[in-house]
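Listed below, chain by chain, are the residues.
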Amino acid sequence: MLYDEPTTGLDPITSKEISSLILELQKSLKMTSIVVTHDLLCAEIIADRAIVLNEGIVQYEGTIPELTSSRDPFLRNFFNMKLLKSRTGALMNNTLANAKLGIFIFWEVQYWLL
């Protein structure tokens, strides 16, 4: 099943409910879910693995904890509540425009059919 921004514009409670429903469907139907989202709460609930795109190119892949704990400047800016800057005041290793272009794709790995 492909979901494109399933929780966009929803309040946090409804977002968690929708994310939980996606997870329930994955497990009960033993199906793969691909979810494109910027909602980090949704990602934490449903993702086994994540791919981060930057300017349309796959830049990073891993679990949510791996990505959120990365020392990579782009990932740190993407996951951090504050915009991280270098000592000169410039964004770390990126421009503001690029920092807003990261997109996630999440899936339930155990149900991939070959």
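Given the structure is predicted, the values throughout are model-derived calculations rather than measurements.

1. Brief notes about the overall build of the chain
1) Next: Tallying secondary structure elements over the chain gives 5 helices and 5 strands in all.
2) Next: Listing every helix and strand of the chain by position from the N terminus yields β-α-β-α-β-β-α-α-α-β.
3) Next: The buried share of the chain, reckoned over its 114 residues, is 38%.
4) Next: Taking contacts inside the chain between residues at least 6 apart in sequence as the whole, the part at least 24 apart equals 59%.
5) Next: Working note: accessible area of the chain is about 7100 Å², and carbon and sulfur atoms make up 60% of it.

2. Describing the environment of Glu17
1) Next: By the secondary structure assignment, Glu17 is in helix α1 (residues 12-29).
2) Next: Here the alpha-carbon distance between Glu17 and Cys42, two residues 25 residues apart in the chain, equals 9.4 Å.

Criteria and thresholds
- Residues numbered from 1 in each chain as written.
- Predicted model: local features only at pLDDT ≥ 70, side-chain atom pairs only at ≥ 80, totals over all residues.
- Heavy atoms only, no water.
- Helix = DSSP H or I, 4+ residues; strand = E, 2+ residues; numbered from the N terminus.
- Buried < 20%, exposed > 50% of the residue type's maximum accessible area, 1.4 Å probe, protein only.
- Contact = heavy atoms within 4.5 Å.
- Areas by Shrake-Rupley, 256 points an atom, 1.4 Å probe, with all protein chains shown as cover.

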